[in-house]
Amino acid sequence: MDQYDWRVWTRVLQIIKRPLWVSVACISLLGLGSELLHHAAPSSVTDGALPKLSLSFEGNLPTWFASSLLLLCALAAAAIAQDLAQSRRGSWWALAGMCTWASLDEAAELHEHLGGLFGTGGVLYFDWVISAAVLVLAAAVALWPWLRELPRATRRRMMTAGFVYVGGALLMELPLGWWTERAGPDSLGYALIDWVEETLELCGASLMLLGLLAHLAQQAPAGEAASGAGGAGASP
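Every value quoted in this text rests on a predicted model; they were computed, and no experiment measured them. Throughout, residues of each chain are indexed from 1 in the direction in which the sequence is written. The predicted nature of this model means local features are confined to residues of pLDDT at least 70 and side-chain atom pairs, given and counted, to a pLDDT of 80 or more, with totals for whole chains, interfaces and linings taken over all residues. No hydrogens and no water enter the side-chain calculation; it runs on all heavy atoms of the structure.

A. Region of the structure containing the overall build of the protein. Summing up its helical and strand segments, the protein has 9 helices and 0 strands in all. Helical segments are the DSSP runs of H or I of at least four residues, strand segments are the runs of E of at least two, and each set is numbered from the N terminus. For the protein, the N- to C-terminal ordering of α and β elements is α-α-α-α-α-α-α-α-α. For the protein, with 236 residues in total, the buried portion stands at 42%. Should any heavy atoms of two residues lie within 4.5 Å, those residues are considered in contact. In the protein, the proportion of contacts linking residues at least 24 apart, taken out of those at least 6 apart, comes to 72%. Using a 1.4 Å probe, accessible areas were evaluated by the Shrake-Rupley method; residue-level cover was limited to the displayed protein chains. Accessible surface, the protein as shown: approximately 12000 Å² in total, 68% of it carbon and sulfur. Summary of the burial criterion: residues with accessible area below 20% of their type's maximum are buried, those above 50% are exposed, and those between are partly exposed, where the area comes from a 1.4 Å probe applied to protein chains only.

Written as structure tokens, this is what we have:
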């Protein structure tokens, strides 16, 4: 490899894989617990913990974690793009850019500015999903030739991560919008639907990061890949 040592990425993948999933589980369960306690036994303690731990709030621990995770995905994609031996470097840079935008959006709620354009209701109560769906579809079509050229394992990881993330970020907004229109955003039902949405986003971003690191780790010179593959793990 010309510009990075695959052994470093193999080691990084080994080190962060389990702590990453433990962190995702802790962040998710703390958020769920704060919501359940807030609705079951409201008090000054639960009221104070809710905005700091709930996945439905912004500017808190889950938001920082999610934004950081997406930024790490952007950096990993950029590391791949830096390797001159990689084909279709522009697509890797595009992926890095999308992850960077998603990180910024997580921290600053940029997508909220897409709302209010259509004035729809029901499952499209949050009508920004219409514009977002068009953008996601356009990105998928543009990146499909690149995806087809990827190694099978990398393609599977990228597509799985994408489906999980978009399933949370976009599709779960449909039942959330339906519920919000009928019961408002302060009910337990809203909190639970939003918890599922945000947890899927965390899982999708984690799968993306591990998939990118696995791709970096597998770019070993011929003859050395076999000796390193056993330590890296076949699948994130």
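B. Main features of the packing of aromatic side chains. Pairing of aromatic side chains here covers Phe, Tyr and the six-membered ring of Trp, requires ring centres within 6.5 Å, and sorts the geometry by plane angle: under 30 degrees stacked, over 60 edge-to-face, intermediate tilted. Considering all chains together, one arrives at 3 aromatic pairs under this definition. With centroids separated by 4.9 Å and ring planes inclined at 85°, the aromatic side chains of Trp92 and Trp146 adopt a geometry described as edge-to-face. Placement of the pair is Trp92 in helix H4 (residues 89-108) and Trp146 in helix H5 (residues 128-149), with a sequence separation of 54 residues. A residue is classified by how much of its surface remains accessible, and Trp92, at 1% relative accessible area, is buried. Ring geometry for Trp178 against Trp179: centres 6.5 Å apart, planes inclined by 50°, an arrangement best described as tilted.

C. Region of interest: empty space enclosed by the protein. Two kinds of site are reported from a 1 Å grid over the protein atoms alone, namely cavities, where a 1.4 Å probe fits but cannot get out, and pockets, open sets with protein on both sides within 12 Å along at least five of seven lines, and residues are called lining when an atom falls within 4 Å of a point. Grid points are joined across faces, edges and corners, and a volume is the space filled by probe spheres set on the points. Inspection of the entire model under this criterion finds 1 cavity of 30 Å³ or more. Taken as a whole, the largest cavity spans an internal volume of roughly 60 Å³. Along its surface, the largest cavity is lined by Ile27, Leu55, Phe57, Glu58, Pro62, Thr63, Ala66, Glu106, Glu198 and Leu202. When residues of the lining of the largest cavity are assigned to their parent elements, the largest contribution, 3 residues, is made by helix H3 (residues 61-82). Among the residues forming the lining of the largest cavity, the class breakdown is 6 nonpolar, 1 polar and 3 charged. Polar here means any residue outside two lists: the nonpolar Ala, Val, Leu, Ile, Met, Phe, Trp, Tyr, Cys and Pro, and the charged Asp, Glu, Lys and Arg; Gly therefore counts as polar.

D. Structural detail: the layout of surface pockets. One number sums up the size of the largest pocket: a volume of about 1500 Å³. Lining the largest pocket are 47 residues, and of these Val136, Gly162, Tyr165, Val166 and Ala169 sit closest to its centre. When contributions to the lining of the largest pocket are tallied by element, the ones reaching two or more residues are H3, H4, H5, helix H6 (152-171), helix H7 (173-183) and helix H8 (188-217). Looking at the lining of the largest pocket element by element, the count peaks at 11 residues for H5. Considering only residue class, the lining of the largest pocket consists of 33 nonpolar, 4 polar and 10 charged.

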